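Breakdown of the fold
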Amino acid sequence: MELETSLNIQGVIIPYIERKSPRSKHLSLRVDYEKVTVVAPKRATAREIREFVKANQDWILAHWKKLLEMQRQIPNRPYQDGEILSVLGQAYKLKILKADQKMIALRFYHEEKIIEIRLPEGLATEYQTEAIREILEKGLKRKARDIFQTKLNTFSIQMGVSYNFFRLKEQKTRWGSCSSKGNINLNWRVILAPEQIVDYLIIHELAHLKQMNHSADFWEVVSQYCPDYAVSRQWLRVNGERLRL
Ligand SMILES: [Zn+2]
């Protein structure tokens, strides 16, 4: 059994997962860049767990802040052969090879979870990283457009709403928007997040077709189709900055 919620420590909201394990003898605690996880023995009561978390809250907060700081310092990636890129939460391996061709080319192999990039043999080393980044962006935008479109169609039918049209955007701080005319914009970079985050975002924007605000009624609509929306929302706040090439 797993409980997903969030902690509020001195005003900082941290996604929180609680798990009971028949194998664990003591309460234990782990902080990673997405969440805090508490593993408890089967017999532990809710009160014991709550007290354990409370007793450790200063440590949790300090650790969480340290991880956030480390993430901010992640430099641009070099894009080497064998590197892993997360697309909709699936780990794709970059396969970079040189080929006797004039143009750079990219191909997804979904079953093997490989993104193959063929570089022209003559391409100078100093231009490689930028060329790879560019073609990756192009390929991911194409993929995002298809997937977002399909999901928009599926969810809009489920939710009984209809939107006007959809555009793919790139914004630094916005993930999506919905205008009063029913036009939906989605940020392509969300394709780099786990799939449940994409679903949440799409449900969020479609819910605006019922409620053009962020009122309690709006969140009620969102929660009907996305019960753990709070976790996804918080995930985006914490990890949004990392969703880039
Ligand atoms: Zn909104």
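Below you will find a few notes about this structure. (Residues numbered from 1 in each chain as written. Predicted model: local features only at pLDDT ≥ 70, side-chain atom pairs only at ≥ 80, totals over all residues. Heavy atoms only, no water.)

1. Regarding helix α1 (residues 46-55)
Residues of α1 that are buried: I49, F52 and V53. An end-on view of α1 places all buried positions within 95° of arc, on one side of the element. Residues of α1 that are exposed and point more than 90 degrees away from the buried face comprise R47, R50, K54 and A55. (Buried < 20%, exposed > 50% of the residue type's maximum accessible area, 1.4 Å probe, protein only. Helix = DSSP H or I, 4+ residues; strand = E, 2+ residues; numbered from the N terminus. Arc of directions from axis to C-beta.)

2. Some details on the coordination of the zinc ion
Distances from the zinc ion to its protein donors, H204 (NE2), H208 (NE2) and H214 (NE2), fall within 2.0 to 2.1 Å. Read in sequence order, the donor residues coordinating the zinc ion give the pattern H-x3-H-x5-H. Owing to a relative accessible area of 8%, H208 belongs among the buried residues under this scheme. (Donors = N, O, S within 2.8 Å, 3.2 Å for Na, K, Ca; no water.)

3. Topic: the pattern of salt bridges
The full count for this structure, using the stated rule, is nine salt bridges. The shortest N-O distance in the salt bridge between R47 and E51 comes to 3.2 Å. Within this pair, R47 and its partner E51 are both found in helix α1, separated by four residues, close to a single helical turn. Of the charged contacts, one joins R118 and E116 as a salt bridge, the two residues approaching to 3.0 Å between their closest N and O atoms. Judged by its relative accessible area of 33%, R118 is partly exposed. (Salt bridge = Lys/Arg side-chain N within 4 Å of Asp/Glu carboxyl O.)

4. Regarding the sheet that holds strand β5 (residues 84-87)
Pairing is mixed across the open sheet formed by four strands, whose spatial order is β5-β6-β8-β7. Strands with a single pairing partner mark the edges of an open sheet, and in this sheet they are β5 and β7 (105-109). With direction set aside, neighbouring strand axes in the sheet form an average angle of 30°. Inspection of the sheet shows strand β6 (residues 90-99) paired to strand β8 (residues 114-120) by seven bridges, in the parallel sense. In the strand pairing of β8, K95 is matched with E116. (Pairing = 2+ DSSP bridges. Axes fitted to C-alpha atoms, helices over the stretch in contact; angles between N-to-C directions.)

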